[in-house]
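# Structural overview
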Amino acid sequence: MEEVPPALEPPEGIMSNFINPPSIHYVHVAVAVSALSVSVVAVAARTFARVKYLKKFDLNDCALILSLALMSAYVGLTINTGRYGQGVHQWNVPLPHFMVLLKFMNILETLYGPLLFLAKYVVLRQIEAIFLQHRFHSFSHTGLAILIWLNLIFYAGLTLSIILACIPRSKIWDRSVKGQCIDVNAALIASGAINILSDIGILILPLIAIRNLQASRKTKIKVGAIFAVGSFAIIASIVRFVYTVGLTKTEDLTYWIEPFAYWTEIEFATIVLVACFPSFPVLFRSLRQESKRRWFSSNKSGSWFTGSKPQADERPEHSSVKSLRGHEGNEGHELEDRNSISMV
């Protein structure tokens, strides 16, 4: 029987271990599952708050849920890659397993562009709804539109380049097939650099808009703090870029792909949190008000024998709901700005 070769020749003095090789894939699985869990809870809370209390469900909600669905598929495939050697030194991976792993990696890279674009799209539309609702001809609104289109073009191009990385596609995972491939290393470095610039643009845009916001300084600080969480997405992008550069300089792909991959999932979870945070105050305030109303109702219902008459619930309508009803008359942009950020 012919001996199965390793995917990479081992260093001098080391024997390939196909039976039970040491692996760091468990770290990646833990990070991936944690990032997905946080994202699921955040999206569920955002959707619940918007549907129940704001009476709103639109294209942005669909985009975020679709992004989360793609992320779920991404994490599911990521967990499965451990069976084929991801997280293991490449000289401990049989060549047939490595070929299957390369196919999985290509699928994961294909999912990356759409899931990240959809999440960033929701963040940008969130910025528009809060800061730029009545400033369609402002510099910030123009910048936002440009950012959306640039992200769409970039991630669409990235996804297409990954799908067509080699012609025929089978050459992506089988180097013995004759054909042509693009310079994958150059594509990875370029996409990583552009991704950092995209994250920086998304962070700077709300900070510029806050300066012109007609609201108190306290409100501006609260709103700015929410979007400042996006700075961690920039950190994740930079760390991921560092590992990207390192990945292009090593032959031990199966091992060093791990930190590159889990920083991708950290970046995604951070962007999802930024998209969801503006809805959290609405959820918390509304739940607190409902809790108080139930408590008062229970006390009133038990007070009939004292002769006191239960009073009607005079709980004022939530400001976030009021903001959705539109404005009567000409109230001015200052009032509109306050209603736009009432959820914060």
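Numbering of residues starts from 1 in every chain and runs along the sequence as written. Since the coordinates come from a predicted model, pLDDT governs what is reported: local features require at least 70, and pairs of side-chain atoms require 80 or more to be given and counted, while whole-chain, interface and lining totals use all residues. The basis for the side-chain values is all heavy atoms of the structure; hydrogens and waters are excluded.

### Some details on the packing of helix α4 (residues 139-163) against helix α5 (residues 184-211)
Using the following cut-off: In this description, a line fitted to the C-alpha atoms serves as the axis of each element, helices being fitted only across the stretch in contact, and the angle between N-to-C directions of two axes falls anywhere from 0 to 180 degrees. Starting at the N terminus, helices and strands are each numbered in turn, a helix being any DSSP run of H or I of at least four residues and a strand any DSSP run of E of at least two. Roughly parallel means an angle under 35 degrees; roughly antiparallel, over 145; roughly perpendicular, 65 to 115; everything else is oblique. Rotating anticlockwise by less than a right angle from the far helix to the near helix defines a left-handed crossing, while the corresponding clockwise rotation defines a right-handed one. By definition in these notes, contact holds between two residues if any of their heavy atoms fall within 4.5 Å. Each residue receives one of three labels: charged for Asp, Glu, Lys and Arg, nonpolar for Ala, Val, Leu, Ile, Met, Phe, Trp, Tyr, Cys and Pro, and polar for the others, Gly being one of them.
At a minimum axis separation of 11 Å, α4 and α5 run at an interaxial angle of 160°. When the interaxial angle is binned, α4 and α5 end up roughly antiparallel. Here α4 and α5 pass one another in a crossing that is left-handed. Contacts between α4 and α5 pair Ser-140, Leu-144, Leu-147, Asn-151, Phe-154, Tyr-155 and Leu-158 from the former with Ser-191, Ile-194, Asn-195, Ser-198, Gly-201, Ile-202, Leu-205, Ile-208 and Ala-209 from the latter. A breakdown of the residues in the contact of α4 with α5 according to their chemical character gives 10 nonpolar, six polar and no charged.

### Section: the nonpolar core
Filter applied, for reference: Take the buried residues of types Ala, Val, Leu, Ile, Met, Phe, Trp, Tyr and Cys, join any two whose side-chain atoms come within 4.5 Å, and each joined set is a nonpolar core. Exposure categories follow from relative accessible area, calculated using a 1.4 Å probe and restricted to protein chains: below 20% of the type maximum is buried, above 50% is exposed, and the middle band is partly exposed.
Core analysis: the largest hydrophobic core is formed by 54 residues, its most contacted members being Leu-115, Ile-127 and Phe-131. Contributions of two or more residues to this core are made by α1 (25-52), α2 (59-81), α3 (95-131), α4, α5, α8 (253-276) and α9 (280-301). With 15 residues, α3 is the largest single contributor of residues to this core. Of all hydrophobic cores here, the second largest spans 17 residues; its members include Ala-7, Phe-98, Ile-172 and Trp-173.

### Quick notes on the pattern of salt bridges
When their charged atoms lie close together, side chains carrying opposite charge are able to pair. Selection rule: What makes a salt bridge here is a side-chain nitrogen of Lys or Arg within 4 Å of a carboxyl oxygen of Asp or Glu, nothing more.
Scanning all chains against the criterion turns up five salt bridges. As a salt-bridge pair, Lys-120 and Asp-199 come within 2.7 Å of each other at their nearest N and O atoms. Of this pair, Lys-120 sits in helix α3 while Asp-199 sits in helix α5, placing them 79 residues apart in sequence. By relative accessible area, Lys-120 is classed as buried at 1%. On the basis of relative accessibility, which here comes to 4%, the residue Asp-199 falls in the buried class.

### Observations concerning the packing of aromatic side chains
The description of an aromatic ring pair uses the distance of the two centres, along with the angle that the planes make with each other. In plain terms, the rule: Pairing of aromatic rings covers Phe, Tyr and Trp, the last counted by its six-membered ring, and requires centre-to-centre distances within 6.5 Å; plane angles under 30 degrees mean stacked, over 60 mean edge-to-face, and any other angle means tilted.
One pass over the full model with this rule turns up eight aromatic pairs. For the ring pair Tyr-255 and Trp-256, a centre distance of 5.3 Å and an interplane angle of 80° mean the geometry is edge-to-face. According to the relative accessible area criterion, Trp-256 is partly exposed, its value standing at 40%. Three or more aromatic residues joined by ring pairs form one cluster here, namely Tyr-112, Phe-154 and Tyr-155.

### With respect to the environment of Leu-70
With respect to the helices and strands, Leu-70 occurs in helix α2. Separated by 44 residues in sequence, Leu-70 and Pro-114 place their C-alpha atoms 7.9 Å apart. In this structure Leu-70 touches Leu-111, Pro-114, Leu-115 and Leu-118, once residues within four positions along its chain are discounted.

### So, the side chain of Arg-46
The condition that has to hold: Think of a polar contact as two N or O atoms within 3.5 Å of one another; within protein, one of them needs to be a possible hydrogen donor and the other a possible acceptor, and neighboring residues in sequence only count if both atoms come from side chains.
Along the polypeptide, Arg-46 turns up in helix α1. At 3.4 Å, the side chain of Arg-46 forms a polar contact with the side chain of Gln-126.

### Remarks on the packing of helix α7 (residues 231-247) against α8
Relative orientation of the contacting elements α7 and α8 amounts to 165°, with a least axis distance of 9 Å. Viewed along their axes, α7 and α8 adopt a mutual orientation that is roughly antiparallel. For the pair α7 and α8, the sense of crossing is left-handed. Here α7 contributes Phe-232, Ala-233, Ala-236, Ser-237, Val-239, Arg-240, Tyr-243, Thr-244 and Leu-247 to the contact with α8, which in turn contributes Leu-253, Trp-256, Ile-257, Pro-259, Phe-260, Trp-263, Thr-264, Ile-266, Glu-267, Thr-270 and Ile-271. Class assignment for the residues of the contact of α7 with α8 results in 14 nonpolar, four polar and two charged.

### Overview of a nonpolar patch on the surface
Selection criterion: Patch definition: residues with relative accessible area over 30% and no salt bridge; like charges joined within 9 Å; nonpolar side chains (Val, Leu, Ile, Met, Phe, Trp, Tyr) joined within 5 Å. Using a 1.4 Å probe, the Shrake-Rupley method yields the accessible areas, and only the shown protein chains count as cover for residues.
A cluster of nonpolar side chains, namely Phe-139, Leu-197, Ile-200, Ile-204 and Ile-208, defines an oily patch on the protein surface of about 490 Å² accessible area. By secondary structure assignment, the location of Leu-197 is in helix α5. Judged by relative accessible area, which is 60%, Leu-197 ranks as exposed.

### Focus: α8
An α-helical turn contains 3.6 residues, so a residue and the one three or four places further along point in the same direction. Put simply, the rule is: Under the convention used throughout, the expected extent of a helix is 1.5 Å for every residue step, that is, one less than its residue count.
Taking 1.5 Å of rise per residue, 24 residues should cover 34 Å, and α8 covers 35 Å from first to last C-alpha, within 8% of that figure. Of all the 24 residues making up α8, 22 are buried; the element is thus mostly covered by neighbouring parts of the structure.

### Description of the side chain of Thr-244
Mapped onto the fold, Thr-244 is located in helix α7. The class for Thr-244 is buried, based on a relative accessible area of 1%.

### Describing the confidence of the model for the chain
Let me state the cut-off plainly: pLDDT is a per-residue confidence score from the predictor, ranging from 0 to 100.
Averaged over every residue, the pLDDT of the chain is 83; the share at 70 or more is 83%. When mean pLDDT is taken per element in the chain, α2 scores highest with 95 and helix α10 (residues 319-324) scores lowest with 42. Counted against residues more than four places away or in other chains, residues 304-342, with its pLDDT under 50, gives 41 contacts.

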